[in-house]
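A look at the structure
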Amino acid sequence: MNRRRIIIASMVGTTIEFFDFYIYATAAVLVFPTLFFPKGDDTAALLASFATFGLAFAARPIGSILFGHFGDRVGRKATLVGSLVTMGVATFLIGVLPTFDQAGYLAPALLALMRFAQGLGLGGEWSGAALLATETAEKGKRAWAAMWPQLGAPFGFFLANGTFLVIMSVMDYDSKTSGADHPFMTWGWRIPFLLSAFMVILGLYVRLKLTETPVFAKAVEEGKKVKAPLGEVVRTAWRPLIIGTFVMVATYTLFYLVTTWVVSYGTGKVVDKSGVKLGISYIDFLQMQLIAVVFFAVFVAVSGQLADRFGRRLVLIIATVLIIVYGLSFQWILDPAHVTQGSMLAVLIVGLTLMGFTFGPMSAVLPELFATNVRYTGSGISYNFASIIGAAIAPFIATWLVADFGVGWVGVYLAIAGVATLIALIVMKETRDVDLDRV
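Residues numbered from 1 in each chain as written. Predicted model: local features only at pLDDT ≥ 70, side-chain atom pairs only at ≥ 80, totals over all residues. Heavy atoms only, no water.

1. Side note on the overall build of the protein
Each helix and strand counted, the protein has 21 helices and 0 strands in total. For 439 residues, the compact-globule formula gives about 22 Å, and the C-alpha radius of gyration of the protein, at 21 Å, lands near that figure. Dimensions of the protein, computed from the C-alpha atoms along their principal axes, are close to 65 × 45 × 35 Å. Taken across its 439 residues, the protein has 60% of its residues classed as buried. Put simply, of all contacts in the protein between residues at least 6 apart along the chain, 86% involve residues at least 24 apart. A total accessible area of about 16,200 Å² is found for the protein, and carbon and sulfur atoms account for 68% of it. Each charge sign in the protein was given a centre, from 32 positive and 26 negative side chains, and these centres are 9 Å apart. (Helix = DSSP H or I, 4+ residues; strand = E, 2+ residues; numbered from the N terminus. Rg over C-alpha atoms; globule rule 2.2 N^0.38 Å. Buried < 20%, exposed > 50% of the residue type's maximum accessible area, 1.4 Å probe, protein only. Contact = heavy atoms within 4.5 Å. Areas by Shrake-Rupley, 256 points an atom, 1.4 Å probe, with all protein chains shown as cover. Lys, Arg positive; Asp, Glu negative; His and termini not counted. Charge placed at Lys NZ, Arg CZ, Asp CG, Glu CD.)

Written as structure tokens, this is what we have:
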């Protein structure tokens with residue numbers, strides 16, 4: 001088994017998938033409220049854009065069930081190829097959609113449909129990449145091996161925001177002064193979506209060269225595949241499904257608050273209850289995010305090593321307690337009367353450092369909760385149901401909270417998610433030494 005090829009295939013694939021996912025998140029704040037929804041109330045348009053953003057999270061559990069079925073029945077390799085193609089085609093088509101002025105209400109309807117398809121693809125992607133890494137890992141180094149596909153999240157985020165930053169800079173676009181007739185708004189925003197086609201071709205080239213994982217191949221050889229993985233996982237592993245879901249909730253809530261919602265807050269798309277509007281330029285904010293995401297990547301790697309050495313539970317419990325403390329500090333660190341660009345950068349760095357700390361071990365933990373014959377389905381459902389609870393509505397709820405109650409309540413919302421995850425981690429048994437060959 002060529003582990004270097006496996007590392008590249010798992011990391012490149014998830015990088016592409018997350019790139020596709022994040023360029024939508026960026027456009028959901030910057031472009032879609034203006035181009036794909038009726039003119040009028042800016043906050044209402046932003047909320048409508050966040051609603052389509054959340055559609056993908058509703059689709060992800062469906063994707064995890066669909067692709068999980070084939071992943072546990074047909075194999076990890078073929079299913080990973082299918083999820084990548086689904087995501088890539090949907091992303092490319094967003095780049096050629098008509099706007100509201102060109103097609104009326106058909107435009108947001110098509111945007112919502114493509115976003116749903118993105119969610120289907122990503123719903124099957126993560127668990128397949130995680131299994132590819134964990135089921136081929138060396139003994140005692142499973143969290144380290146599983147860390148590599150996790151790096152696809154910061155890498156994809158960096159590429160997505162970096163691409164937008166370059167395009168906006170080259171086209172001299174300023175979100176505060178440039179109008180809807182600026183070339184960036186008429187056609188420049190489409191470039192990242194269209195570029196995804198080339199990235200998908202690269203991902204397919206890498207993945208088609210893989211062989212099946214030895215753990216799954218052994219299960220097939222011994223005749224231990226199940227006909228209906230969904231029914232089997234619900235019947236025999238309902239407890240790990242619930243635990244795995246809530247173990248991920250704080251991670252998801254944290255990430256989409258400090259990457260998606262905070263953009264709208266920092267750039268003045270939403271105003272705090274106090275009436276203060278931050279108004280940081282979008283280009284400046286993107287640059288700050290690109291700096292902060294480096295800490296995300298570094299701590300994904302650090303937490304993978306720590307999880308192998310000290311166990312998954314201890315690392316994740318410490319990370320979750322820190323997330324709760326971080327959330328409860330929002331009232332002071334994000335107070336609009338005192339926020340500067342420097343303090344906002346510090347907020348982003350701390351948030352994404354904690355994100356790396358909690359996200360790194362997840363691709364080892366969730367697969368370890370399930371037996372081989374339902375592992376793709378079980379880990380995927382847990383991961384993606386957590387996305388509904390923790391991420392789908394997070395930007396929407398945070399936008400409402402900051403407008404009606406103030407930014408401190410956004411932090412309370414994050415802390416509540418952290419408490420839910422902490423309870424799940426206390427209930428969960430340590431998984432570091434479980435046998436992945438079990439069925």
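Let's pick the thread back up.
2. Some points on the packing of helix α14 (residues 282-310) against helix α17 (residues 341-359)
Running from amino to carboxyl end, α14 crosses α17 at an angle of 30°, the nearest separation of the two axes being 7 Å. In this view, α14 runs roughly parallel relative to α17, as classed from their interaxial angle. When the axes of α14 and α17 are compared, the crossing they make is right-handed. Here the residues of the contact of α14 with α17 sort into 18 nonpolar, 5 polar and 1 charged. (Axes fitted to C-alpha atoms, helices over the stretch in contact; angles between N-to-C directions. Parallel < 35°, antiparallel > 145°, perpendicular 65-115°, else oblique. Left-handed = near helix turned anticlockwise from the far one by under 90°. Nonpolar A, V, L, I, M, F, W, Y, C, P; charged D, E, K, R; others polar.)

3. Focus: the nonpolar core
For soluble globular proteins, nonpolar side chains are generally found buried alongside one another. Ranked by internal contacts, the top residues of the largest apolar core, which has 122 residues, are F32, F184, W189, W261 and M344. Per-element accounting of this core gives the leading share, 15 residues, to helix α13 (residues 238-266). Those residues in contact with W189 that sit more than four places away from it in its chain are V31, F32, L35, F36, I94, F164 and F184. Formed by 7 residues, the second largest nonpolar core is a distinct cluster that contains A9, L131, L132 and V206. (Core = buried A, V, L, I, M, F, W, Y, C linked by side-chain atoms within 4.5 Å.)

4. Thoughts on a nonpolar patch on the surface
Taken together, the side chains of F158, I291, V294, F295, V298 and V302 define a hydrophobic patch exposed on the protein surface, amounting to about 460 Å² of accessible area. For the nonpolar patch, the element with the highest residue contribution is α14, accounting for 5 residues. For V302, the location among the structural elements is in helix α14. (Patch = residues over 30% accessible without salt bridge, like charges linked within 9 Å, V, L, I, M, F, W, Y side chains within 5 Å. Salt bridge = Lys/Arg side-chain N within 4 Å of Asp/Glu carboxyl O.)

5. Some points on the environment of Y326
Within the secondary structure, Y326 sits in helix α15 (residues 312-328). Between the alpha carbons of Y326 and V347 there is a distance of 9.1 Å; along the sequence they are 21 residues apart. Ignoring anything within four residues of it in the chain, the contact list for Y326 reads L254, V258, I333, V347, V350, G351, L354 and L414.

6. Some points on the packing of aromatic side chains
With the rule as written, the count across this model stands at 21 aromatic pairs. When the ring of F36 is compared with that of W189, the centres are 5.8 Å apart and the planes differ by 85°; the resulting orientation is edge-to-face. In this pair, F36 is assigned in the loop between α2 (32-35) and α3 (42-73) and W189 in the loop between α9 (183-186) and α10 (191-207), connecting sequence segments 153 residues apart. Assigned by exposure class, F36 and W189 land together as buried. Taking 5.7 Å as the distance between ring centres and 80° as the angle between the ring planes, the aromatic pair formed by W144 and W148 counts as edge-to-face. In this pair, W144 and W148 both sit in helix α7 (residues 142-150), 4 residues apart, roughly one turn of the helix. (Phe/Tyr/Trp six-rings, centres within 6.5 Å; stacked < 30°, edge-to-face > 60°.)

7. Remarks on the environment of A45
Inspection of the secondary structure puts A45 in helix α3. For A45, a relative accessible area of 9% translates into the label buried. Once the C-alpha coordinates of A45 and L35 are considered, the two residues, 10 residues apart in sequence, prove to be 9.7 Å apart. If we skip the residues at most four places from it in the chain, A45 touches P33 and F37.

8. Here we look at the packing of α13 against α14
In contact at an axis separation of 11 Å, α13 and α14 are set at 165° when each is read in the N-to-C sense. Classified by the angle between their axes, α13 and α14 sit roughly antiparallel to one another. For α13 against α14, the interelement crossing comes out right-handed. Contacts from F255, V258, T259, V262, V263 and G266 of α13 reach α14 at Y282, F285, Q289 and F296. Taken together, the residues that form the contact of α13 with α14 break down as 7 nonpolar, 3 polar and no charged.

9. Focus on the environment of M362
Take M362: it is sitting in helix α18 (residues 362-368). For M362, a relative accessible area of 1% corresponds to the buried category. Contact partners of M362, with chain neighbours within four places excluded, come to W126, Q150, V247, M248, T251, L316 and P367.

10. Things to note about helix α6 (residues 106-134)
The first and last C-alpha atoms of α6 sit 43 Å apart over 29 residues, in line with the 42 Å expected at 1.5 Å per residue. Across the 29 residues that make up α6, a large majority, 24, are buried. (Expected span 1.5 Å × (residues − 1).)

These values are about where atoms sit, not about what they do.
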